[in-house]
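Coordinate inspection notes
Listed below are the residues making up each chain.
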Amino acid sequence: MVTEIENDIKQTLRDFLLASINIADLDDEDNLFELGIVNSLFAVQLMTFIEKTFDLEVEADDLDIENFKSLNAAGAFVMKKKSRRNI
Amino acid sequence: MQHLLTEQQDARHTEFKVFVASNVEPFAEQWDREQAIPDSTLSLLATSGYFGCCIPPDLGGKGWDVVTFGLLNEALGKGSSALTVFLTVQTMVSMSLLKWGTPEQKRKWLPPLAKGEMIGAFALTEPDAGSDIQSLATELIAEGDHFILNGTKKWISCAQIAAVFLVFGKLKQHSVACLVPRDAPGVSVTPIHDLMGFRGAGLAEVRFNRVEVPADNLVGRPGFALSHVAPVGLQYGRLSTACSGLGLLRGCLEESIAYAARRKIGDRTMGEIGMIRSLIARMGTDWEAGSLLCHHACKAQDDNLPVAFEKTLMAKYFTSRAAVSAASNAVQIRGASGCHASSAVSRYYRDAKIMEIIEGTTQIHESMLGKMLIDQTRRLK
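Each chain carries its own residue numbering, running from 1 in the direction its sequence is written. Written order decides the labels, with chains lettered from A and ligands numbered from 1. Reporting in this predicted model follows two pLDDT cut-offs: at least 70 for local features of residues, and 80 or more for side-chain atom pairs to be given and counted; totals over whole chains, interfaces and linings ignore these cut-offs and use all residues. With hydrogens and water set aside, each side-chain value is computed from the structure's full complement of heavy atoms.

**Considering the overall build of chain B**
Secondary structure elements follow DSSP: runs of H or I of four or more residues count as helices, runs of E of two or more count as strands, with numbering from the N terminus. The helix and strand inventory of chain B stands at 12 helices and 10 strands. In terms of overall size, chain B behaves like a compact globule, its C-alpha atoms giving a radius of gyration of 21 Å where 381 residues would be expected to give roughly 21 Å. For every residue, the accessible area (1.4 Å probe, protein chains only) is compared with the maximum for its type, and the residue is labelled buried under 20%, exposed over 50%, or partly exposed between those bounds. Considering chain B as a whole, with its 381 residues, one finds that 57% of them fall into the buried category. Residue exposure ignores everything except the shown protein chains as possible cover, and the areas themselves are Shrake-Rupley values with a 1.4 Å probe. Roughly 15,600 Å² of accessible area belongs to chain B as shown, and the carbon and sulfur atoms make up 54% of that amount. In this count, Lys and Arg are taken as positive residues and Asp and Glu as negative ones, while His and the chain termini are left out. In plain terms, the charge of a residue is placed at NZ if it is Lys, CZ if Arg, CG if Asp and CD if Glu. Seen as two clouds, the 39 positive and the 38 negative side-chain charges of chain B have centres 4 Å apart. Each radius of gyration reported is based on C-alpha atoms, and the globular scaling rule is 2.2 Å times the count of residues to the power 0.38.

Shown next as structure tokens:
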């Protein structure tokens, strides 16, 4: 079940993406890579935004397309990282 | 820009400038002529802790902030662009490892890199893949519990003396990065001489012929070398080059002011001539603007802000072009003496042009920045 916190995370990510890339809107399941909106420079910008905004570190083991391919995936990734840190 | 620095940053900048005045500037012309930096000078950089500027103390570094790293590059850049490249590349390799290396890789490689006991090289560019890094031909093939590396890298700074290479290539369709010691069987290094500028920077062509790479030497996960590993190194490379270019620009400005004050034409000094004042005014204004761009870029990197990448592109784009313009005008002010090796401005002129090429050409910067700014139209509304 998607929690309110996860929805807030996705909205924060959506706001950043829409402010950074020239697209009209972004659905939760839109694939960022298939849409061709993530180049190498933007990939590290997005990573840095996630690290800075959610106070976590993206590590080598986190480098998986599945973690960043969509808003749903990135939201779940942030939740997973934060819950691990709270254990 | 001084007012933006902390007391400690300002004090370190002074220390760096003193170091450069004593240990770099008197020898820079000789290094340029001989196309090599002496081991003793690299050892001085090492014992001063400069190679480990940004590396945390628990891994052998100084743990200084990025603003201080920028100030170090600025100071060294005024003395010798070629020497600064060793700091640039060492930091590119180190920071890529710090971000994406495994704990074991960090423990093994970062202390000797931070202490300058080992020089690293960032082996990305190929004979047919410069700005277009997506078309790398260097290839890894899985074989048992390791990989076999084949390929050629070209224009690799510091490769003449590097003990380890951070090599970028492809594993099937995935980009990969791996650490390759220079003494691994199958590695051969051919020095590249007679460059226009950066002549002491130890460039070489590096060939990998069936080099065995242990799986433990892969950095980051396959598929992310060009999207995540290389950009971290290139970010520091651009910060370093931007600040080094700023130092070169300061060198042009100081040389030009000093020359204009003492050189007489008739009964007037050159500094009293309007056209000379114009050239110096442009240099001074570019230096001030470049200082602010470099400071903001370094500060954004310190704060781990997403805009750090954009600000760094702007800083490097601006200072490299401003350095070319300032060096050209500095030679113009000096006249014939500026065309001779005995004047630092003739070296500045050749070195400055290289800054528009390395870590992404001016045109690549324009392309990336233009796209970024257009994509951000919504932010402007």
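**Some points on the overall build of chain A**
Looking only at helices and strands, chain A has 4 helices and 0 strands in total. Mapped in sequence order, the helices and strands of chain A form the string α-α-α-α. Over its C-alpha trace chain A gives a radius of gyration of 12 Å, about what one expects of a compact globule, namely 12 Å for 87 residues. With the C-alpha coordinates of chain A rotated into their principal frame, the extents come out at 40 × 30 × 20 Å.

**Brief notes about the packing of helix α8 (residues 274-302) of chain B against helix α9 (residues 307-334) of chain B**
Residues and elements named next belong to chain B. Geometry is summarised by axes, namely lines fitted to C-alpha atoms with helices restricted to the contacting stretch, and by angles between N-to-C directions that run from 0 to 180 degrees. The contact between α8 and α9 brings their axes to 9 Å, and the two run at 160°. Judged by the inter-axis angle, α8 sits roughly antiparallel to α9. Taken as a pair, α8 and α9 cross one another with a handedness that is left-handed. All amino acids are sorted into three groups, where Ala, Val, Leu, Ile, Met, Phe, Trp, Tyr, Cys and Pro are nonpolar, Asp, Glu, Lys and Arg are charged, and the leftover types, Gly among them, are polar. Here the contact of α8 with α9 is composed, by residue class, of 17 nonpolar, 6 polar and 3 charged. Here the angle decides the label: under 35 degrees means roughly parallel, over 145 means roughly antiparallel, 65 to 115 means roughly perpendicular, and every other value means oblique. In a left-handed crossing the near helix is turned counterclockwise from the far helix by less than a right angle, and in a right-handed crossing that turn is clockwise.

**Observations concerning the environment of Asp58 of chain B**
Residues and elements named next belong to chain B. By secondary structure assignment, the location of Asp58 is in the loop between α3 (39-47) and α4 (66-79). Accessibility expressed as a relative area gives 67% for Asp58, which makes it exposed. Taking C-alpha positions, Asp58 is 11 Å from Lys106, a pair spaced 48 residues apart along the chain.

**Structural notes on unusual backbone geometry**
Residue and element names in this part refer to chain B. The backbone phi angle of Trp155 is positive, close to 60°, even though this residue is not glycine. Topologically, Trp155 is positioned in strand β3 (residues 146-156). Looking at Trp155, the relative accessible area reads 43%, which means it is partly exposed. Positive phi outside glycine occurs at Arg210, with the angle close to 50°. Along the chain, the position of Arg210 falls in strand β7 (residues 204-214).

**Re the pattern of salt bridges**
Side-chain pairs of opposite charge can arise where the charged atoms are in close proximity. Residues and elements named next belong to chain B. When a carboxyl oxygen of Asp or Glu is within 4 Å of a side-chain nitrogen of Lys or Arg, the pair counts as a salt bridge. The final tally for this structure, using the stated rule, is 22 salt bridges over all chains. Linking Arg250 and Glu74 is a salt bridge whose minimum nitrogen-to-oxygen distance equals 2.6 Å. Taken together, the residues Arg250 in helix α7 (residues 225-262) and Glu74 in helix α4 connect sequence positions 176 residues apart. With respect to class, Arg250 is no different from Glu74; both count as buried. For the salt bridge of Asp303 with Lys299, the shortest nitrogen-to-oxygen distance reads 3.1 Å.

**Thoughts on the interface of chain B and chain A**
Residues are treated as being in contact if the distance between any of their heavy atoms lies within 4.5 Å. Taken residue by residue, the interface counts 24 residues in chain B and 27 residues in chain A. Two parts placed together each lose some accessible area; with a 1.4 Å probe, that loss summed over both constitutes the buried area. Buried surface at the junction of chain B and chain A, summed over both partners, amounts to about 2,400 Å²; 59% is from carbon and sulfur atoms. At the junction of chain B with chain A, the criterion picks out 2 salt bridges. Here a polar contact means two N or O atoms within 3.5 Å. Within protein one must be a hydrogen donor candidate and the other an acceptor candidate, and residues neighboring in sequence count only if both atoms are side-chain atoms. Along the contact surface separating chain B from chain A lie 7 residue pairs in polar contact (both at pLDDT 80 or more). Looking at the side of chain B that touches chain A, the elements that each hand over two or more residues are α5 (81-100), α7, α9, α11 (362-375) and α12 (377-380) of chain B.

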